[in-house]
Amino acid sequence: MSEKEGKKIKEKVKEQQEKFEKRSDTTEHIIHEDEERMKEVLAEFDRESNTRHFSGIPSYLVKYMLVAFSIFSLWMNVFSSLPEQIRRASFVGIVIFMAYMLYPIKKGMAKRVNYVPWYDFVLGIVGAGCFFYYVVFFKEIVARAGRSTTLDIVIGIVGILILMEICRRVVGIPILVVVICFIIYAFAADFSLKRIISHLFYTTEGVIGTPLGVCSTFIVLFILFGAFLDKTGVGRFFIEIANSIAGSATGGPAKVAVIASALQGMISGSSVANTVGSGSFTIPMMKKTGYPPEFAAAVEAAASTGGQIMPPIMGAAAFLMAEMTGVPYSNIVIAAILPAALYFTGIFLMVHFEAKKLGLVGLNKDDIPGFFTLMFSRGYLLLPLVVLVYCMMNGYTSSMSAVYAIITSIIVSMFRKDTRMSVSSFFEALENGARNTIGVAVACSIAGIIVGTVTLTGLGIKLASGLLALSGGVTIIALFFTMIACIILGMGVPTTANYVIMATITAPIVIKLGIPMLAAHMFVFYFGIVADITPPVALAAYAGSAIAHSNPLKTGITATRIAITAFIIPYVFAFNPDLLLVDGSFTQALFILITAFIGMLGISTGMEGFMLGRLKLYERLICIAGGITLIIPGAVTDVIGIALIAVIFIKQKLQLKNVSA
């Protein structure tokens, strides 16, 4: 080889290296941009993510504070034998201090690095001090047996006001408006300031009531479990599994979004966070396949919201429901199976018929990982979920079940080098768990005020009586009014606090209509959750639209249409609890499942306007009517539903035959 040729080869190699380095830099830049975009979207639509930025020494101080809180929560639940009032008061006191250190008075101030104004230090310290006053003087306060001193009342007022301000920052104004209305009602009902504050601040029926008690025990541990599970890479595994199942199917990317979001959503506990997390991957993929931006964002939002009703975890609401209703956890999981299956079947079919209508295809099979290969190589990542459900089903407490699941997630992460949890990622999990707990804890604390006002004034019974009078005693009208109330009360509220509010205010109304307790609680839970995709305050849909660059209102309307099942099924199990499968036989359950699936097929074709070909308006209405009658359990309704859908199917079949002839 001549010197000239050798020089040319070296230059060519150098050129290729430069191209590769440039491509790598570009890829890293794109990934970095995606992460920054996710943070921006979360900060805009998810108040819990709108926190201050820290660097240098302050960032370490904040990190150690959050890690210490997670360790404290673990200690308190596993080893502590302190009275429940002390545990709850100290828990909320620490949460308030952390919240004021992390959440600015308005969004724009979050961008300032290492900046915490003096008044937030004061509010954080004073707010925490109010609750630690209860901790320090617990015996004296109990001994006074409700005869609160002037100092007690002043501290109670200050503590509640500071809690309300941090609620405004972390959770939002809607729930705060509801709380203020309830407190005003208490005054209007001739309760004195002293009586109201004593009840709301110093008893376990107010701020430190059942909602906070549940949050400070198994919900905080469940959130920690989710943070540790995330560090194992299970989120990416969910997407890969969904890809292997549905990636190559008609309109594959949208079906991947449905499956992945259902799996991820049940453990995330936040519709918005799940929409942004999985949507940053699935929404661009759906748009690239050919789905309209509004549809792509709506699918992700609807599926992510549905993850909150997905058993066996339901975003921690399953544990909370077991606590508040006294119904065993296993019964709640069984009851949630068929409604959730129908919900996701509906979305899946909507996606399928939209793809058929647009002529979309799936991904290349060569680009999709094999299902069994994934399960053999990374299926062990599901073991923590298996341990959690096994422990809950076998009588372990919710707290210890979560602890065992956390330990399992740490162990399984060690099986492979690429999932192995390092010391730094271990502490990051503790930090993230504490961060994610703050919003839920604040919401549960403020929900305690609603619960306390209801128990103090007897407002729940009055609301139920008023709604029944307004509906004229007609059950379906009363349920409709309850649905509207749930959607309004559920706007922008985290899943667990959302359910607490629904269970306190609206569930008694449904129970008074003669509907069984579990069906009533499931009814209000469903409609509280769908507030995240129902305009005008459809936070999950709006977060999806920010990623898809689509019209937010159109995205919310489309998400509501795609998730139409969520607006039908609760009425069905309210009138016929057989759909919840608690008391029925296996044969009966199987028959209900088959007929309900055919019903969802009818509703989906009607909503999308496509079966074997495009449907006319009257054909769409017939399909929807047939689908609804099939979802309602009963021999007569099943026959009518099958007949209606069969007529349209045969008509479409004949039309296609005539066209091909």
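Residues numbered from 1 in each chain as written. Predicted model: local features only at pLDDT ≥ 70, side-chain atom pairs only at ≥ 80, totals over all residues. Heavy atoms only, no water.

1. Focus: the overall build of the protein
On a plain count of helices and strands, the protein comes out with 29 helices and zero strands. Rg of the C-alpha trace for the protein: 27 Å, near the compact-globule value of 26 Å for 661 residues, within the 12% margin. Overall, the protein is about 90 × 85 × 45 Å in size when its C-alpha atoms are taken along their principal axes. Residue pairs at least 24 apart in sequence account for 78% of intrachain contacts in the protein once pairs closer than 6 positions are excluded. Side-chain charges of the protein comprise 50 positive and 40 negative groups, with the mean position of each set lying 3 Å from the other. (Helix = DSSP H or I, 4+ residues; strand = E, 2+ residues; numbered from the N terminus. Rg over C-alpha atoms; globule rule 2.2 N^0.38 Å. Contact = heavy atoms within 4.5 Å. Lys, Arg positive; Asp, Glu negative; His and termini not counted. Charge placed at Lys NZ, Arg CZ, Asp CG, Glu CD.)

2. Re empty space enclosed by the protein
Here the structure, examined in full by the defined rule, presents one cavity of 30 Å³ or more. In terms of lining, the largest cavity is formed by Thr305, Gly306, Ile309, Tyr343, Tyr526, Ile529, Val530 and Ala566. Listing elements by their share of the lining of the largest cavity, those giving two or more residues are helix 13 (293-306) and helix 23 (517-529). Here the residues of the lining of the largest cavity are counted per class, giving six nonpolar, two polar and no charged. (1 Å grid on protein atoms, 1.4 Å probe; cavity = no way out; pocket = protein on both sides within 12 Å on 5 of 7 lines; lining within 4 Å. Points joined across faces, edges and corners; volume = space filled by probe spheres on them. Nonpolar A, V, L, I, M, F, W, Y, C, P; charged D, E, K, R; others polar.)

3. With respect to a nonpolar patch on the surface
A cluster of nonpolar side chains, namely Leu383, Val386, Tyr390, Tyr396, Tyr404, Ile407, Ile411, Met414 and Phe415, defines an oily patch on the protein surface of about 850 Å² accessible area. Among the secondary structure elements, those contributing two or more residues to the nonpolar patch are helix 17 (383-393) and helix 18 (398-413). Inspection of the secondary structure assignment puts Ile411 in helix 18. On the basis of relative accessible area, Ile411 is assigned to the partly exposed category, the value being 47%. (Patch = residues over 30% accessible without salt bridge, like charges linked within 9 Å, V, L, I, M, F, W, Y side chains within 5 Å. Areas by Shrake-Rupley, 256 points an atom, 1.4 Å probe, with all protein chains shown as cover. Salt bridge = Lys/Arg side-chain N within 4 Å of Asp/Glu carboxyl O. Buried < 20%, exposed > 50% of the residue type's maximum accessible area, 1.4 Å probe, protein only.)

4. Observations concerning the environment of Ala596
Counting through the fold element by element, Ala596 comes out in helix 27 (residues 586-608). In this structure, the C-alpha to C-alpha distance between Ala596 and Tyr542, residues 54 residues apart in sequence, is 31 Å. In this structure Ala596 touches Leu342, Leu630 and Ile631, once residues within four positions along its chain are discounted.

5. With respect to the state of the cysteines
Scanning the model with the defined rule gives zero disulfides in all. With no disulfide of its own, Cys167 has Cys444 as its nearest cysteine by sulfur position, at a separation of 11 Å. (Disulfide = S-S within 2.5 Å.)

6. Some details on the packing of aromatic side chains
Given two aromatic rings, their pairing is described by the distance between the two centres and the angle made by the two planes. Considering all chains together, one arrives at 24 aromatic pairs under this definition. The interplanar angle of 80° and the centroid separation of 5.8 Å between the aromatic rings of Trp118 and Tyr119 together place this pair among those described as edge-to-face. Judged by its relative accessible area of 66%, Trp118 falls in the exposed class. Plain terms: the ring middles of Phe527 and Tyr571 are 5.8 Å apart, the flat faces sit at 65° to each other, and that makes the pair edge-to-face. Linking Phe527 in helix 23 with Tyr571 in helix 26 (residues 569-575), this pair joins segments that are 44 residues apart in sequence. (Phe/Tyr/Trp six-rings, centres within 6.5 Å; stacked < 30°, edge-to-face > 60°.)

7. Overview of the pattern of salt bridges
All told, the structure shown has 14 salt bridges when counted by the stated rule. Between Glu84 and Arg87 there is a salt bridge, with the nearest N and O atoms lying 3.4 Å from each other. One end of the pair is Glu84 and the other is Arg87, both in helix 3 (residues 84-102) and three residues apart, which spans about a single turn. We classify Arg87 as buried; its relative accessible area is 10%. Salt bridges sharing partners connect three or more residues here, namely Arg52, Asp120, Glu165, Arg168 and Arg169.

8. Digging into unusual backbone geometry
One non-glycine residue, Asn114, lies in the positive phi region at around 60°. If you trace the backbone, Asn114 turns up in the loop between helix 3 and helix 4 (118-136). Using a relative accessible area of 34% as the deciding quantity, one classes Asn114 as partly exposed. Despite not being glycine, His549 shows a phi value in the positive range, around 60°. One can find His549 in the loop between helix 24 (539-548) and helix 25 (552-562).

9. Examining the packing of helix 7 (residues 173-188) against helix 19 (residues 423-457)
A pair of packed helices is captured by two measures, namely the crossing angle of their axes and the spacing between those axes. Packing of helix 7 against helix 19 leaves a shortest axis separation of 10 Å and a crossing angle of 25°. Here helix 7 is positioned roughly parallel relative to helix 19, judged by the angle of their axes. Two packed elements cross with a definite hand, and for helix 7 against helix 19 that hand is left-handed. The residues of helix 19 that touch helix 7, namely those facing Ile175, Val178, Val179, Phe182, Ile183, Tyr185 and Ala186, are Ala443, Ile446, Ile449, Ile450, Thr453, Val454 and Thr457. (Axes fitted to C-alpha atoms, helices over the stretch in contact; angles between N-to-C directions. Parallel < 35°, antiparallel > 145°, perpendicular 65-115°, else oblique. Left-handed = near helix turned anticlockwise from the far one by under 90°.)

10. Observations concerning helix 17
Within the span of helix 17, buried status applies to Pro384, Leu385, Leu388, Val389, Cys391 and Met392. Angularly, the buried residues of helix 17 cover 160° about the axis, an arc narrow enough to put them on a single face. A positive backbone phi angle near 90° is found at Gly395, which sits one or two residues after helix 17. (Arc of directions from axis to C-beta.)

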